[in-house]
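Here's the letter readout for the chains.
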Amino acid sequence: MLKNIRTLSPFSLVLLFISFTMSISQSTMTTAYPILMKQFGIDAAAVQWVTSAFMVAMTLVMPLSPWLLDNLHLKALLNVIVATFLVGTAIAMVTPNFLGVIVGRLLEGMAVGALFPTYQAVIMENTPKEERGIAMGAVGLVMSSALAVGPIVSGIVLQFGTWRLLFAFFFVVLLALITLMQGQIKNTHQLNKRDFDFLSAFLLIGFAGILYTVSILPTKGWSISLAVTLIVSIVLLAIFVRRQLKQDNPFLDLRVFEHQGYLPAMLLTGMSYSGLITATVIMPLYFQKVFGLAPLWSGLLMIPGAAFLSFLNPKTGRLLGQIGLRPLVLIGSTMMIAGYLFLAFFGTKFLLLAIIGAMLLEGGNAFIMMPAVTAASNALPNHLISHGTAIITTMRQLIGASSILLAGILIGFFHNVHSYGLSLNMTAGWFVLIPLSGYLLATRIKAVNPDVEVD
């Protein structure tokens, strides 16, 4: 693992450290839900906005990242992103009401939405094509480690302090990072300044509207207002796509799909992320509702899967340059299928086998997601990498949210006539269909020339 990290430049390491800190902040707030509900007198549906607001804001800003990269010097852009996150964190930390927490999380989400595609694109641009697999293996290591560290950090902080201390922790750590590392931040991205397309930016609300719908649907159910929101969002998104295709210098360049190999690689990242996000949703249900474990133990038992993912990510990054993407996709898809089958047949019977199922699901992700991101970028010329990365990260969020929605629908449907445990098993069984698509997508990948990767 350390060998992969050492291959990165000091500036890339700065980006990873900052991204790691902000990644942890995404997953820590669910631990504080009961505390927030008690302090502000809100119900479970309301407290979900702590996460939903973050995700909607993040998805809304992600497509803006290519314009931001092309029009702002990288050092200024990174400082603005971190400053936005710090302001949001400060507001959430000191607010006397729940609305302030939501405003703070919205600002945090906007910052993370700008950072994630930006830092991946910059690392990719500054890494030779033959070393991109190794670099993205390090990125995957950092992102997966955040999954394991997040629950631990929130559990420790909340054990000894209030939820406000959780925000204070991230504020202090991130402020120290950005202050100490100013000298390492370099303006490595070539500017390509263009006017800001306000209409395109407005139409991006369609992305946020779709994510809002799939995020809120499991708790609220269908209503006329929610259906209208979804329809309007789809229409706005269709207009956005049409506008981008007609412009010579589009806000988000959809011509990335004209490059052979980009589309299957993008779909593979979404497929693998679906397995990862599903594991983080259904495994706590197994641990708490089937085996009756306390939330603390439920969180700790998620660590083996995240640790396995962290262990594999650097190795798959190196394997990408040695054997190409197709074998990795076949291995990863097989592991994910095995993980779902373990849960479907043994998830309610043996705790150890349930944990192994989660490890296979998350481990399979290591063989697909970051290698596929690398392959997608390798299929593009350098000036389109930021656009391609922005599209991948945005679609990944939408696919992840849709997977959570689908899991909730299936569990609820099966629970009408079966026990809760059997409902989880049946849901896992149906989810096998998703990684099966990996075999189909693998047919679109070249078996040779790992540097190019996809056909």
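Definitions and limits used
Residues numbered from 1 in each chain as written. Predicted model: local features only at pLDDT ≥ 70, side-chain atom pairs only at ≥ 80, totals over all residues. Heavy atoms only, no water. Helix = DSSP H or I, 4+ residues; strand = E, 2+ residues; numbered from the N terminus. Rg over C-alpha atoms; globule rule 2.2 N^0.38 Å. Buried < 20%, exposed > 50% of the residue type's maximum accessible area, 1.4 Å probe, protein only. Contact = heavy atoms within 4.5 Å. 1 Å grid on protein atoms, 1.4 Å probe; cavity = no way out; pocket = protein on both sides within 12 Å on 5 of 7 lines; lining within 4 Å. Points joined across faces, edges and corners; volume = space filled by probe spheres on them. Salt bridge = Lys/Arg side-chain N within 4 Å of Asp/Glu carboxyl O. Axes fitted to C-alpha atoms, helices over the stretch in contact; angles between N-to-C directions. Parallel < 35°, antiparallel > 145°, perpendicular 65-115°, else oblique. Left-handed = near helix turned anticlockwise from the far one by under 90°. Nonpolar A, V, L, I, M, F, W, Y, C, P; charged D, E, K, R; others polar. Phe/Tyr/Trp six-rings, centres within 6.5 Å; stacked < 30°, edge-to-face > 60°. Patch = residues over 30% accessible without salt bridge, like charges linked within 9 Å, V, L, I, M, F, W, Y side chains within 5 Å. Areas by Shrake-Rupley, 256 points an atom, 1.4 Å probe, with all protein chains shown as cover. Core = buried A, V, L, I, M, F, W, Y, C linked by side-chain atoms within 4.5 Å. pLDDT = per-residue confidence, 0-100. Expected span 1.5 Å × (residues − 1). Bend = angle between axes of the 7 residues up to and from the residue. Polar contact = N/O pair within 3.5 Å; in protein donor to acceptor, adjacent residues only side chain to side chain.

Participant: For this particular structure, what's the right way to read the overall build of the protein?
Facilitator: The secondary structure content of the protein amounts to 21 helices and zero strands. A globule of 455 residues ought to have a C-alpha radius of gyration of about 23 Å, and the protein, at 21 Å, matches this closely. Each principal axis of the C-alpha atoms in the protein carries an extent, and together these give about 55 × 55 × 45 Å. Looking at the protein as a whole, 55% of its 455 residues are labelled buried. Considering only contacts within the protein whose residues lie at least 6 apart along the sequence, 81% involve residues at least 24 apart.

Participant: Before we go on, may I ask you to explain empty space enclosed by the protein in this structure?
Facilitator: Any empty space left between atoms is shown by rolling a water-sized probe over those atoms. Scanning all chains against the criterion turns up one cavity of 30 Å³ or more. Roughly 40 Å³ of volume is contained in the largest cavity. Along the walls of the largest cavity sit Met283, Phe287, Leu301, Met302, Gly305, Ile355, Ala358 and Glu362, which together make up its complete lining. Those elements that place two or more of their residues in the lining of the largest cavity are α14 (262–290) and α18 (351–378).

Participant: How should I be thinking about the pattern of salt bridges in this particular structure?
Facilitator: Any two side chains of opposite charge can pair if their charged atoms end up close together. Evaluated as defined, the whole model comprises three salt bridges. Between Asp197 and Arg243 there is a salt bridge whose closest N-O contact spans 3.1 Å. Of this pair, Asp197 sits in the loop between α10 (163–180) and α11 (198–203) while Arg243 sits in helix α13 (residues 224–246), and the two are 46 residues apart along the sequence. The buried category is assigned to Asp197, whose relative accessible area is 12%. In this structure Arg243 comes out as partly exposed when scored by relative accessible area, which is 28%. The partner of Asp253 in a salt bridge is Arg255, with the nearest N and O atoms 2.8 Å apart. Residue Asp253 is classed as buried on the basis of its relative accessible area, which comes to 7%.

Participant: Even after reading the chapter, I still don't get the packing of helix α17 (residues 325–346) against helix α21 (residues 433–442), so can you show me in this structure?
Facilitator: The relative placement of two packed helices comes down to the angle between their axes together with the axis-to-axis distance. Running from N to C, α17 and α21 point in directions that differ by 165°, and their axes come no closer than 8 Å. Relative to α21, the element α17 is oriented roughly antiparallel. Taken as a pair, α17 and α21 cross one another with a handedness that is left-handed. Two secondary-structure elements touch here, α17 through Arg326, Val329, Leu330, Ser333, Thr334, Met336, Ile337 and Tyr340 and α21 through Pro435, Leu436, Gly438, Tyr439 and Ala442. Its residues assigned to classes, the contact of α17 with α21 comprises nine nonpolar, three polar and one charged.

Participant: How should I be thinking about the packing of α14 against α21 in this particular structure?
Facilitator: Contact geometry for α14 and α21: axes closest at 9 Å, N-to-C directions at 155°. Relative to α21, α14 is oriented roughly antiparallel. The crossing of α14 and α21 is left-handed. Contacts between α14 and α21 involve Pro264, Leu267, Leu268, Met271 and Ser274 from the former and Ile434, Pro435, Ser437, Gly438 and Leu441 from the latter. When grouped by side-chain class, the residues that make up the contact of α14 with α21 number seven nonpolar, three polar and no charged.

Participant: Explain the packing of aromatic side chains here, please?
Facilitator: What characterises a pair of aromatic rings is the spacing of the ring centres plus the angle enclosed by the ring planes. Here the structure, examined in full by the defined rule, presents 13 aromatic pairs. Ring centres 5.4 Å apart and planes at 85° place the aromatic pair Phe196 and Phe251 in the edge-to-face group. Note that Phe196 is positioned in the loop between α10 and α11 and Phe251 in the loop between α13 and α14, a separation of 55 residues in sequence. Its relative accessible area of 2% is what places Phe251 among the buried residues. With a centroid separation of 6.5 Å and 55° between ring planes, the pair formed by Phe345 and Phe346 is classed as tilted.

Participant: I would appreciate a short explanation of the environment of Ala57 in the present structure.
Facilitator: Along the polypeptide, Ala57 turns up in helix α5 (residues 49–61). A relative accessible area of 6% places Ala57 in the buried class. Each residue touching Ala57, except ones within four places of it in the same chain, is listed here: Leu106, Gly109 and Met110.

Participant: Looking at this model, I keep getting lost on a nonpolar patch on the surface. Mind explaining?
Facilitator: Judged by side-chain polarity, Leu330, Trp430, Leu433, Leu436 and Tyr439 come together as a nonpolar surface patch covering roughly 470 Å² of accessible area. If one sorts the elements of the nonpolar patch by residue count, α21 sits on top with three residues. Looking at where Trp430 falls in the secondary structure, it is placed in helix α20 (residues 420–431).

Participant: In this structure, what is going on with the nonpolar core? I would like to understand it.
Facilitator: Most often, soluble globular proteins keep nonpolar side chains buried together rather than apart. If you look at the biggest cluster of nonpolar residues, it comprises 121 residues, and the most contacted ones within it are Ile18, Met22, Leu268 and Met283. Excluding anything up to four places from it in sequence, Leu268 contacts Leu325, Val329, Ile368, Ala372, Gly438, Leu441 and Ile445. Within the second largest apolar cluster, 24 residues are counted, among which are Met29, Ile42, Met93 and Val153.

Participant: Is there a simple way to explain the confidence of the model for the protein in this structure?
Facilitator: Reading fine detail from the predicted coordinates is not recommended where pLDDT is low. Summarising the model, the protein shows a mean pLDDT of 82, and 91% of its residues fall at 70 or more. Of the regions scoring below 50 in pLDDT, residues 448–455 engages in 29 contacts with residues more than four places distant in sequence or in other chains.

Participant: Looking at this structure, I do not really get the side chain of Ser274. What am I missing?
Facilitator: Structurally, Ser274 is set in helix α14. Setting aside residues up to four positions removed in sequence, Ser274 forms contacts with Tyr340, Ile399, Ser403, Phe431 and Ile434.

Participant: Before we go on, may I ask you to explain α14 in this structure?
Facilitator: Between its first and last C-alpha, α14 extends 41 Å over 29 residues, near the 42 Å set by a 1.5 Å rise per residue. Of all bends in α14, the biggest is about 25°, found at Ala279. Phi turns positive one or two residues past the end of α14, at Gly292, with a value near 70°.

Participant: Looking at this structure, how should I read the environment of Tyr439?
Facilitator: On the secondary structure map, Tyr439 appears in helix α21. C-alpha separation for the pair Tyr439 and Met336, spaced 103 residues apart in sequence, amounts to 12 Å. When sequence neighbours within four positions are dropped, the list of residues in contact with Tyr439 reads Leu330, Ser333, Thr334 and Ile337.

Participant: Sorry, what's going on with the environment of Asn71 here?
Facilitator: Looking at where Asn71 falls in the secondary structure, it is placed in helix α6 (residues 65–71). On the basis of relative accessible area, Asn71 is assigned to the buried category, the value being 12%. Distance from Asn71 to Asp195, taken between C-alpha atoms, is 8.9 Å for residues 124 residues apart in sequence. Within polar-contact distance, the side chain of Asn71 engages the backbone oxygen of Trp67 at 2.8 Å.

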